[in-house]
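# Survey of secondary and tertiary structure
Okay, here's what each chain looks like letter by letter:
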Amino acid sequence: MEIFIPNKEQAGCGLSGVINRKGELIKGEVIIESICCQMERGNGLGAGYAAYGIYPEFAEYYCLHVMADHKQALKDVEEILAHKCYLVHQERIPTRPTPGIVSPPRFRRYFVKPRYEGELREICEGTLDEDDYMVELVMHINKNVSGAYVISSGRNMGAFKGVGFPDQIANFFRLEEYSAYIWTAHNRFPTNTPGWWGGAHPFTILDWSIVHNGEISSYGTNRRYLEMFGYHCTLLTDTEVVAYLLDLLIRRHRLPIELACMALAPPFWQEIDRMEEPDKSVCTAIRTVYGAAMLNGPFAILFAYNGGLVGLNDRVKLRPLVAAKKGDYYYMASEEAAIRAICPDPEEVWCPKAGEPVIVELEPDTIPNQRSYLRGEALSISAPVCRFPLAAEEEEEEE
Amino acid sequence: MAFEIDAKELHYRELNKLIRKAIAQGEKHLVLKNVNGQRYIAAGVSAEVDIDIYGVPGLDLGAFMRGPRIRVHGNTQDGAGNTMDDGKIIVEGMAGDVVGYAMRGGKIFVASDVGYRVGIHMKAYMDKIPVIVIGGKAGDFLGEYMAGGIIILLGMYSRYPERPIAGIFLGTGMHGGVIYVRGGVPETQLGGALQIEEVNEEDQKIIEQHLSEYSKDLNYKLEEILAEKFVKIRPKTHRPYGKLYAY
């Protein structure tokens, strides 16, 4: 895959995301229109999409989207999968020739389940351990197979990304043929890291996907921290660490999502000094334990999982983020215009504060294998949070 | 008669060409319909002209402009009035981050809330004194590196009841100009080397003069706005950072 080294001019990636809380499917055209409204925010060196709910017929299987330079790389991946997985289905990811998309890599998807050996089968099959198994497998492929990368690995979701403008990448992957209950999209303007197919956003692991505008200057620290837990960064772009941090903090360490966001974008010590207990102790503990997970530098991110969409800014808001709502639809984007392009009359539009996550989860029991990371009632931490569903009593008041 | 331009599906380059052409033809009042995210509207325009915008204008609305009076019938995005020299921008809704960045003249009136770093590096010279009036609340770093000009923060017409009137780091690096805040602001929100003081008669006159224009433009009740006292925030000394780089 060709790697373009960016010339440093101006920066400003574009983000857009949409979720329907009742799990109703949203057509691909919708997110394409929204991200293309922010065309000026990219420079043609990367675009991508994540879609949730697109493989209902294989909802129980992990879907691996594999990007490969050549046939041999795919063969190598398939050999690993043959040993490590049950494979229920595999196919080429449909693409079409698109003007401006030059020498794309090959794309294939595999629907798999972990294949445990011997006694482990009885102990681990069908348990939460399967997620860890898949993380290890993805790391193994990305690290060891030359010319092949797993670009998404969750159930009933997938990532589509490459070098091009967002309309080109959407056309290339025929995204108008998909419908999803969560979409995120990215328009890239690489500044510090190369523009190449693997470096386009979203970055993913399991069903986590993340799109990012900004730069993570703590990349080195975060990367070394993640290596201690078996995560290997192979995609040459700072944003990759965020995907793995989310998996580590929220899925493996079981932090409520609000605290995980606080670890990524914590309050300043001077703010913590002014807090009351128990908030003060909670924030101090998070900053102390997860110092190496803190993201330094400017960022606005959108991340999604099987069950929710979250937007988050760095703690001094050096990148833009706007949120809006209409009925069961929630929107987040770099610019309000990107939301108005697909929802001209939102009920509410607001700009989240620095470090204030906007967390929107599906209603309970909406989709198979749904995940919820709110983990109970809203915490009384001082960092403000926009949370949907609201805490139980607030929701009653609304009605 | 107003000259109407339908901005639907227009790229910002085409839209700005149409605006400049209309002005060159002597039009005095432009109405832009279906604007959505087009950047740099009226940027660098040097003319006496009224521009009404329906929809959400994109980044850097009115950047570098000298003279136009722009009224946005809704919200506007980041960077409105970037380095503007003269004229006026009235926003009937919210405005984004870095409004009035390095502004050197003219006025920006926002009906509701503004984002982060509003009025960053405003400056004034002789009789060129830029003014920003904010009806709602402001994010962090209001008036950061401010060197001159006037910011008036009301905190009255906000969609964020839970937020403080101004975010933290207010006036960080400020060494000129003045920020007036209606009803006061906790000292914890302020950057260093600033002082909060009561307004004197002269301040009150300046405040009333700008707010009377503001309330007329946005259809607010002046008495209601003036019912509360204002405080004044300014640098403690003429050169608060004079010793920072000296040893």
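These numbers were taken from a predicted model, which means no experiment stands behind them.

## Let's talk about the overall build of chain A
Helix and strand content of chain A: twelve helices and 19 strands. A globule of 399 residues ought to have a C-alpha radius of gyration of about 21 Å, and chain A, at 20 Å, matches this closely. Sequence separation of at least 24 residues holds for 77% of the intrachain contacts in chain A that already meet a minimum separation of 6.

## Some details on the overall build of chain B
Counting its secondary structure elements, chain B contains three helices and eleven strands. Listing each helix as α and each strand as β along chain B from the N terminus yields β-α-β-β-β-β-β-β-β-β-β-α-α-β. Taken over the C-alpha trace, chain B has a radius of gyration of 18 Å; the compact-globule value for 247 residues is 18 Å, and the two agree within 12%. Looking at chain B as a whole, 52% of its 247 residues are labelled buried.

## Topic: the packing of helix H7 (residues 240-252) of chain A against helix H8 (residues 257-264) of chain A
Residue and element names in this part refer to chain A. H8 packs onto H7 with a crossing angle of 135 degrees between their chain directions and a minimal axis gap of 9 Å. Classed by the angle they form, the pair H7 and H8 counts as oblique. Our pair here, H7 against H8, has a crossing hand that is right-handed. Touching Leu245, Leu246, Leu249 and Ile250 of H7 are Ile257, Ala260, Ala263 and Leu264, all from H8. A per-class count over the contact of H7 with H8 returns eight nonpolar, no polar and no charged.

## Observations regarding the UniProt feature "domain: Glutamine amidotransferase type-2" (unreviewed entry) in chain A
Within this numbering scheme, the UniProt entry marks residues 13-363 of chain A as carrying the feature "domain: Glutamine amidotransferase type-2" (unreviewed entry). The straight-line gap between the two end C-alpha atoms of residues 13-363 of chain A is 31 Å; of that span, 29% is helix and 28% is strand.

## Comments concerning the nonpolar core
The nonpolar side chains of a soluble globular protein tend to be buried with one another. Leu245, Leu246, Ala260 and Tyr331 of chain A together with Val110 and Leu153 of chain B are the most contacted members of the largest nonpolar core, which has 203 residues in total. At nine residues, H7 of chain A tops the list of elements feeding residues into this core. In contact with Leu245 of chain A, other than residues within four places in its own chain, are Asn222, Leu226, Leu264 and Ala293 of chain A.

## Comments concerning the sheet that holds strand S4 (residues 62-68) of chain A
Working definition: the strands of a sheet are paired by backbone hydrogen bonds and lie parallel or antiparallel to each other. Residues and elements named next belong to chain A. Spatial strand order, S5-S6-S4-S7: four strands in an open sheet with antiparallel pairing. What marks the edges here is a single partner per strand, and that holds for strand S5 (85-92) and strand S7 (148-152). Strand after strand, the sheet turns through a mean of 30 degrees between neighbouring axes, direction not considered. Here S4 runs beside strand S6 (residues 106-114); their pairing, made up of seven bridges, is antiparallel. Looking at S6, one finds that Met67 is bridged to Phe107.

## Remarks on the environment of Val72 of chain B
Residue and element names in this part refer to chain B. Relative to the assigned elements, Val72 resides in strand S4 (residues 66-73). Classification of Val72 as buried rests on a count of 28 C-beta atoms within 10 Å. Considering only alpha carbons, one finds Val72 and Ile90, 18 residues apart in sequence, at a separation of 6.1 Å. Look past the residues within four positions of Val72 in its chain and what remains in contact with it is Ile53, Pro57, Ile90, Val91 and Glu92.

## Here's the deal with the sheet that holds strand S3 (residues 47-52) of chain A
Residues and elements named next belong to chain A. Taking strand neighbours across the sheet as the criterion, the seven strands line up as S8-S3-S10-S1-S16-S15-S17 in an open arrangement whose pairing is antiparallel. The open sheet has two edge strands, strand S8 (157-162) and strand S17 (348-350), and neither has a second partner. Taking the axes of each pair of neighbouring strands and ignoring which way they run, one obtains an average angle of 10 degrees across the sheet. Examined bridge by bridge, strand S1 (residues 14-20) and strand S16 (residues 329-333) share five bridges and lie antiparallel to one another. Note that in S16 the partner of Gly17 across the bridge is Met332.

## Concerning the interface of chain B and chain A
Every contact between the two is made by 17 residues of chain B and, on the other side, 18 residues of chain A. Its residues assigned to classes, the side of chain B that touches chain A shows two nonpolar, nine polar and six charged.

## Some thoughts on the packing of helix H6 (residues 219-227) of chain A against H7 of chain A
All names here are of chain A. The contact between H6 and H7 brings their axes to 10 Å, and the two run at 45 degrees. Judged by the inter-axis angle, H6 sits oblique to H7. For the crossing formed where H6 meets H7, the hand is left-handed. In contact with Tyr219, Asn222, Arg223 and Leu226 of H6, H7 contributes Val241, Tyr244, Leu245 and Leu248. Considered class by class, the residues forming the contact of H6 with H7 number six nonpolar, one polar and one charged.

## Here we look at the UniProt feature "domain: Glutamate synthase alpha subunit C-terminal" (unreviewed entry) in chain B
The feature "domain: Glutamate synthase alpha subunit C-terminal" (unreviewed entry), as given by UniProt, occupies residues 14-183 of chain B in the numbering adopted here. Helix makes up 6% of residues 14-183 of chain B and strand makes up 30%, while its end C-alpha atoms are separated by 45 Å.

## Digging into the UniProt feature "active site" (unreviewed entry) in chain A
Residues and elements named next belong to chain A. In this structure's numbering, the residues bearing the UniProt feature "active site" (unreviewed entry) are Cys13. Here Cys13 shows up in the segment before S1. Using a count of 26 C-beta atoms within 10 Å as the deciding quantity, one classes Cys13 as buried. With near-sequence residues (within four places) excluded, Cys13 lies in contact with Arg41, Gly42, His186, Asn187, Arg188, Phe189 and Asn213.

## What about the pairing of strand S12 (residues 208-214) of chain A?
All names here are of chain A. The buried fraction of S12 is high, at seven of seven residues. The pairing of strand S11 (residues 203-205) with S12 spans three bridges and is antiparallel. If you follow Thr204 over to S12, its bridge partner there is Ser209. Following S11, the chain reverses through two residues before pairing antiparallel with S12; Leu206 in that reversal takes a positive phi of roughly 50 degrees. Where S12 lies against strand S13 (residues 299-305), six bridges are found, and the strand directions are antiparallel. Residue pairing for S13: Ser209 is matched across the bridge by Ala304.

## Some details on H8 of chain A
Residues and elements named next belong to chain A. With eight of its eight residues buried, H8 lies for the most part within the structure. Where H8 is concerned, the buried positions are Ile257, Glu258, Leu259, Ala260, Cys261, Met262, Ala263 and Leu264. Considering only its buried residues, H8 is in contact with H7, helix H10 (279-289), strand S14 (308-313) and strand S18 (358-361).

## What to know about unusual backbone geometry
All names here are of chain A. For the bond from His201 to Pro202, the omega torsion is 5 degrees, close enough to zero to count as cis. Mapped onto the elements, Pro202 comes out in the loop between strand S10 (182-187) and S11. Even without being a glycine, Leu236 presents a positive backbone phi close to 60 degrees. In this fold, Leu236 is placed in the loop between H6 and H7. Here Leu236 falls in the exposed class, since 12 other C-beta atoms lie within 10 Å of it.

Calculation notes
Residues numbered from 1 in each chain as written. Chains lettered and ligands numbered in written order. Predicted model: local features only at pLDDT ≥ 70, side-chain atom pairs only at ≥ 80, totals over all residues. Helix = DSSP H or I, 4+ residues; strand = E, 2+ residues; numbered from the N terminus. Rg over C-alpha atoms; globule rule 2.2 N^0.38 Å. Contact = placed C-beta atoms within 7 Å. Buried ≥ 20, exposed ≤ 12 C-beta atoms within 10 Å, placed from the backbone. Axes fitted to C-alpha atoms, helices over the stretch in contact; angles between N-to-C directions. Parallel < 35°, antiparallel > 145°, perpendicular 65-115°, else oblique. Left-handed = near helix turned anticlockwise from the far one by under 90°. Nonpolar A, V, L, I, M, F, W, Y, C, P; charged D, E, K, R; others polar. UniProt positions renumbered as here; feature names shortened; annotations may be inferred. Core = buried A, V, L, I, M, F, W, Y, C linked by C-beta atoms within 7 Å. Pairing = 2+ DSSP bridges.

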